[in-house]
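If you want the building blocks of each chain, they are given just below.
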There are 2 protein chains.
Amino acid sequence: MKTFNKHDIKKLKQIARLCRGDILKMTYVANSGHPGGSMSSLEIFLSVFSFANLNPDNPYDPLRDRVVVSHGHTSPGVYSVLGRLGFVDIDQVIAGFRHHSSIFEGHVTRGIPGVEWTTGNLGQGLSAGVGFALAAKMKEQDYHIFVAMSDAEQAKGQVAEARRVAKKYGLSNLTVVIDYNDAQISGRARDVMPVNIRKNYEADGWRVLEVDGHDIEQLLHALSQAVEDKVNPVAILAHTIMGKGVSFMENDVSYHGKPLDKEQLEKALNELGIDNDVEKYMKMRAQLGNQKHEPFHLEYPVKIKVPAGRTYTTKTDNRSAFGNALLDLVKENRNSETPVVAVDCDLATSVKLDGVQKYVPERFLELGVQEHNAAAVAGALSADGVVTFFADFGVFGVSETYNQHRLNAINHTNLKVIVTHCGLNVGEDGKTHHGLDYISAPANWLGYKVIVPADPNQTDRVIRYIASVYGNYLVAMGRAKMMPIVDENGKLFFADNYRFEYGKIDILRKGTDVTVVTCGSVVPNVVEAADKLRGKVSVLNVSCPLDLDEHVLREYGHGKKILVVEDHVATLGLTSLLAKFFLQKGIIPSSFEQIAIQEHAVSGSYEALYEIYGLSSTKIAEKLGQMIS
Amino acid sequence: MKTFNKHDIKKLKQIARLCRGDILKMTYVANSGHPGGSMSSLEIFLSVFSFANLNPDNPYDPLRDRVVVSHGHTSPGVYSVLGRLGFVDIDQVIAGFRHHSSIFEGHVTRGIPGVEWTTGNLGQGLSAGVGFALAAKMKEQDYHIFVAMSDAEQAKGQVAEARRVAKKYGLSNLTVVIDYNDAQISGRARDVMPVNIRKNYEADGWRVLEVDGHDIEQLLHALSQAVEDKVNPVAILAHTIMGKGVSFMENDVSYHGKPLDKEQLEKALNELGIDNDVEKYMKMRAQLGNQKHEPFHLEYPVKIKVPAGRTYTTKTDNRSAFGNALLDLVKENRNSETPVVAVDCDLATSVKLDGVQKYVPERFLELGVQEHNAAAVAGALSADGVVTFFADFGVFGVSETYNQHRLNAINHTNLKVIVTHCGLNVGEDGKTHHGLDYISAPANWLGYKVIVPADPNQTDRVIRYIASVYGNYLVAMGRAKMMPIVDENGKLFFADNYRFEYGKIDILRKGTDVTVVTCGSVVPNVVEAADKLRGKVSVLNVSCPLDLDEHVLREYGHGKKILVVEDHVATLGLTSLLAKFFLQKGIIPSSFEQIAIQEHAVSGSYEALYEIYGLSSTKIAEKLGQMIS
């Protein structure tokens, strides 16, 4: 652990003064950004980045401490500290802040040396910190995680969820520092939404320390105490003043998101004893290019062994095929450099994580009925050297955690989201549990690939495939058991030698009159319907709806009658993706129809629901009959 | 307040015994459902529904107390109580439970007499209760709200958020009863995810009572104490036993979601001293029809006055036009039968709720940085006689609260979601703040109409329109100021006499060669580009992308070159909706191109971003030039 003598402290105080100038300058030059909170959190950032085991010359050392800044709008504060501590070039920061050609974006961004997580939406950072802390445990490494947060975001429920997980798993390698300035956009935090922060942390079993958040010695001392605590996660309440350091800014919330004007800047820099050299930076900024900067994505090599697939010949649910494949992967990689881990939200038996839970409990994380936190924890864990499978029902793993996945995508994580219980295939649990958006929701996240396997054999290969490649994948499946898909001759379509290839369309049947495009739980019904009309119906299984194969679709689509069948919301989904692709590529079908879900459905057996909503083999065959005649 | 004598208590105990039998029978007959928790919560349901001011013969009396059951999977318990207390027919319940033709769905469903809110996704019910409690205050009515919850869902962060709002607004008309059985799907609650429930409620300022949750007298006494408390919201921790009442079911979590088999049922009913008459119900069930039941939607008449619109002639942001229109509506309806209320999440100034906050503070609710709870509270409030505007940034009001809106849609609420700061139009705040899914996300909710107005004048009329009609609407807008749209002669397109008509496409320009289909923040750029190519470009403003006008689209689309321009994620959105509509209607354009957002964008001024991502008038004109030549 680092120690700091009087000289070091004096030097840090000097740096703090310079940083305050940097904050005011960069927000002035950008004419945008958040100076108030940056100045409030400044000594926190300076203490944490100085105290943490970090080397500006080797910022991605795998054994480095991780610092997460949850209130990402205080980026001017963070960038100034990183600049003054040698992680980045301070002149580039001041000139480039919030400019499209600069890496110094409006909110702190993963990929900038020293920044571990892109934040901006409040209340996410502690979950990321918990993910990193669990990663350290899984990899048996002893780096520490520091999370800086604002007081306003303590109201966010996800913070309470993260706190509980930290306590449950004894994450003493995690320290939180809260900027307690009692100020937020709408006024005093205690007026906007009263939160007894101390009592909240204590009620969830944390140790709490309190310090003057502008006193670097107190902060460093508290950080030492926190790191020395090998039992509990520790929260440091750092009492601060918004706009600290410039008389007229202090405690004035109007500077939350507003830079100073020219006159105010002059006055403020004068108070701080700093030369006003913004003209220089204005000139530098004017020279910046028209091109946007390219994002720098952190990735790690996925070093795992992938055991051979299993083949199913009897009625099986895809979720069991998933569970078995995952258990194979977890077992095989017990001692791999890259651990494979399962994350559950109190549904282990239903989502088939119970095998991992039972046989390899050290690779199983039970995060409770706390999906928001779980999705964010899983994302950070997956980004920090751990291949992570987050399994949940469709309504939780897609709908409830929608924004957490969008933020994972922004952070370029390596998460494998497995959603079971998708579609009307769920049956009796009814509309609150019918996850109908497993294609159309992830399509919006810009950074998740979607796979909807057709049967247990395809599911098995998909799971093995996604474990082995870096990136975010969402794999969607239903609840019910189904017979494995067979070809015209009754042989397994996805047989022993089948290997999953991302983006490949499976031509399950070839016919003359109509092409059915489909995926997921309804594939067996479509095949059964097609077989009733032998030779007249082609069946395309599009398991990768976001990445379509032009060659196959042109051959089976252009000038053909098309029927899309999906156990998915009708508005947007496979049908829309296909329609857009068709028109953009000039593939013009002679007709284009759809069977999908137009409304929140009733509760009932999935067979009954498929009959009612047109997805049974009978109803599909009827529709095909009409199209052919 | 109701009082209960010894005879009443004895009678309730008798009913409890019958209800236990009903629970076991209906889950057996349905071969599906959750008996364990239902038996655990039974005395809670029976006490609450007996104690509450409810009349089975007039279940929708506006002044009735509201009972919300948050752990909706305990529907067998709720339905059995409602049956035995005369709200519904118990025979229909037992025979129809979870059958597609029956209203008795798998999870408790709004529209069944006595059921105020459809739940199933855990952790939502307290927010709904807070919404109803706030509605009572807004309407100056003194009904009480009871929320029954499970212990496992206390882990969910949204519960903490709701708790804080209840305390902040002094909702002493709200009482929570928690079924503290220490059991959930994955085992003992304390093992799955430790939550110190008592300390959590106390830390958030609630009064906590503890009772034996199977002792009806204790429960009724605690309910009296809670209702008598005119200062604090009260939580009653009711200690219970999962599967209570049948020896072999008690404390066995395997009965969480599993009905008894024939032999077990016989044994259990025998223990309870109840005749086994399930054969009768099996026969009744076999007679049920093939048709699904139609949902019964609760609605109220929206009795508000709509003041005349404002017309803007200078550069204005749509969000200011929204704020002004809302303030007009709130002021005008200060004393209306239907209040108009604004819900904020610490962004009042940015989302332009500050007018309401300042001038009509009693119609302004500040719910803090707690979006999940806020969206659910706003939904319940809107369903209970209050026209509710929930304003937030796109990333929070759409992405973060995605599932809460899906659940509002299921509950057929009357919520007006206004999302500002959508698209790259947000600019410097960067990718975490670029809300790019304001069309494609709500499209999945099945129950929200989407409107993307083109300019401040259209925005003004849209806001007045949606306030006056029952239903959920999402209105999306950017951040920047823009000049109002004018016609070819420079006159306001949306002028004084303009009235918004849902679904109408505005033909902003008529041209010969290309049709641009667009909406929202980029409309001015499209019009400017079109005007550079005078006479060659038609511009269609599709402000209602989910409900397209076939007539106009056929005229301007069939055989035409089409360019779709949207400041929205490219994968799914206006382009996809249009493509699907075109192919389904046989409207075949001669070419079909798109300008939209393909990736998470960088931070920068919105003008720079529009230039980089092809949405500036220059770039649009360039594209049009290529298409025309």
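Each chain has its residues counted from 1, running along the sequence as written. The order in which chains are written sets their letters, starting at A; the order in which ligands are written sets their numbers, starting at 1. Where local features are concerned, this predicted model is filtered to residues with pLDDT of at least 70; where side-chain atom pairs are given and counted, the filter is 80 or more; whole-chain, interface and lining totals use all residues. Heavy atoms throughout the structure, all of them, feed into the side-chain values; hydrogens and water do not.

Visitor: Sorry, what's going on with the side chain of E366 of chain A here?
Guide: Each helix is a run of DSSP H or I of at least 4 residues and each strand a run of E of at least 2, with the numbering of both proceeding from the N terminus. Position of E366 of chain A among the secondary structure elements: in strand β8 (residues 364-366). Partly exposed residues are those whose accessible area sits between 20% and 50% of the maximum for their type, while under 20% is buried and over 50% is exposed, using a 1.4 Å probe and protein chains only. The convention is simple: Lys and Arg are positive, Asp and Glu are negative, and His and the chain ends are not counted. Throughout this description, the term salt bridge denotes a Lys or Arg side-chain nitrogen within 4 Å of a carboxyl oxygen of Asp or Glu. No salt bridge is formed by the buried E366 of chain A. Its closest oppositely charged neighbour is K168 of chain A, at 5.5 Å. A polar contact is formed between the side chain of E366 of chain A and the backbone nitrogen of D346 of chain A, at a distance of 2.9 Å. In this structure, E366 of chain A is in contact with K168, Y169, D344, C345 and D346 of chain A together with S186, V192 and M193 of chain B, ignoring residues within four places of it in sequence. Here a polar contact is recorded for every N or O atom pair within 3.5 Å, except that within protein the pair must consist of a potential hydrogen donor and a potential acceptor, and residues adjacent in sequence are included only if both atoms are side-chain atoms. When checking whether two residues touch, look at their non-hydrogen atoms; a contact exists if any pair is within 4.5 Å.

Visitor: Is there a simple way to think about the relation of the copies chain A and chain B in this case?
Guide: Both copies of the chain are related by a screw-like operation: a rotation about an axis and a shift along it. We place the copies in one frame by least squares, fitting the C-alpha atoms of every residue whose pLDDT is at least 70 in both. The operation relating chain A to chain B is a screw motion whose rotation component is 180°, with 0.0 Å of axial translation and a residual RMSD of 0.0 Å. The superposition of one copy onto the other is thereby described by a two-fold rotation axis. Taking C-alpha positions as the reference, the residue of chain A nearest the rotation axis is G157 of chain A, at 1.8 Å. A shared binding surface is used by both copies, with 99% of the interface residues of chain A retained as interface residues in chain B.

Visitor: What is the right way to read the UniProt feature "domain: Transketolase-like pyrimidine-binding" (unreviewed entry) in chain A from this model?
Guide: UniProt positions are given in the numbering used here, feature names are shortened, and annotations may be inferred rather than shown by experiment. Mapped onto this numbering, the UniProt entry annotates "domain: Transketolase-like pyrimidine-binding" (unreviewed entry) at residues 316-485 of chain A. With 39% helix and 20% strand, residues 316-485 of chain A has its two end C-alpha atoms placed 11 Å apart.

Visitor: In this structure, what is going on with the pairing of strand β15 (residues 514-518) of chain B? I would like to understand it.
Guide: Successive side chains on a regular strand alternate, one facing one side of the sheet and the next facing the other. Residues and elements named next belong to chain B. The element β15 is largely enclosed, with a buried count of five among its five residues. Alternating residues of β15 divide into V514, V516 and T518 and T515 and V517, and every residue in both groups is buried. Bridge count between β15 and strand β16 (residues 537-541): five bridges; the pairing is parallel. Paired with V517 across the two strands is L540, which belongs to β16. Two elements, β15 and strand β17 (residues 561-569), share five bridges in a ladder whose sense is parallel. Opposite T515, over in β17, you have I562 as the bridge partner. In this scheme, strands are said to pair when DSSP sees at least two bridges between them.

Visitor: Can you help me understand the domain arrangement of chain A in this one?
Guide: A common way to report how large an interface is uses the accessible area buried once the components associate. Each domain of chain A was delimited in the assignment, giving domain 1 (6-286), domain 2 (316-482) and domain 3 (506-628). In this structure, domain 1 of chain A and domain 3 of chain A have C-alpha centres spaced 52 Å apart. The split of the chain into domains comes from an automatic or database domain assignment.

Visitor: Is there a simple way to think about the packing of aromatic side chains in this case?
Guide: Where two aromatic rings form a pair, the distance of their centres and the angle of their planes describe that pair. The aromatic pairing rule takes the rings of Phe, Tyr and Trp, using the six-membered ring of Trp, and pairs them if the centres are within 6.5 Å, calling planes under 30 degrees apart stacked, those over 60 edge-to-face and the rest tilted. A complete count under the given rule lists 42 aromatic pairs over all chains for this structure. Where F582 of chain A meets F592 of chain A, the ring centres are 6.2 Å apart and the plane angle is 70°; that geometry is what we call edge-to-face. With F582 of chain A in helix α22 (residues 574-585) and F592 of chain A in strand β18 (residues 591-597), the pair connects residues that are 10 residues apart, well separated along the chain. Across the pair, F592 of chain A and F582 of chain A agree in class, each one buried. Seen from their ring centres, Y606 of chain B and Y610 of chain B are 5.6 Å apart, and the 90° between their planes marks the pair as edge-to-face. Here Y606 of chain B and its partner Y610 of chain B are both found in helix α23 (residues 606-612), four residues apart, which amounts to about one turn of the helix. Under the relative-accessibility criterion, Y610 of chain B is labelled buried at 2%. One aromatic cluster in this structure is built from Y402, W445 and Y448 of chain A together with Y402, W445 and Y448 of chain B. The cationic tip of R66 of chain A hangs over the ring face of Y143 of chain A; the distance from NZ or CZ to the ring centre is 3.7 Å. Only Lys NZ and Arg CZ are tested; either one counts as a charge over a ring when it is within 6 Å of the ring centre and within 35 degrees of the ring normal. Over the face of the ring belonging to Y502 of chain A we find K449 of chain A, whose NZ or CZ atom lies 5.6 Å from the ring centre.

Visitor: Sorry, what's going on with the sheet that holds β15 of chain B here?
Guide: Strand pairing in a sheet is mediated by backbone hydrogen bonds. Such pairs are either parallel or antiparallel. Residue and element names in this part refer to chain B. The sheet built from five strands is open, its strands ordered β14-β16-β15-β17-β18 with mixed pairing. Edge positions in the sheet fall to β14 (506-509) and β18 (591-597), since each has one partner strand and no second. Strand-to-strand twist across the sheet, computed as the mean angle between neighbouring axes with direction ignored, equals 25°. Across three bridges, the pairing between β14 and β16 is antiparallel. Among the inter-strand pairings, R509 is bridged to a residue of β16, identified as V539. Structural elements are reduced to axes, namely lines fitted to C-alpha atoms, with helices fitted over the stretch in contact, and the angle between N-to-C directions of any two is expressed from 0 to 180 degrees. The sheet strands contacting helix α21 (residues 550-557) are β14, β15, β16 and β17, and the helix crosses β16 at an angle near 160°. Sitting on the sheet, helix α22 (residues 574-585) touches β15, β17 and β18, and the angle it makes with β17 is about 140°.

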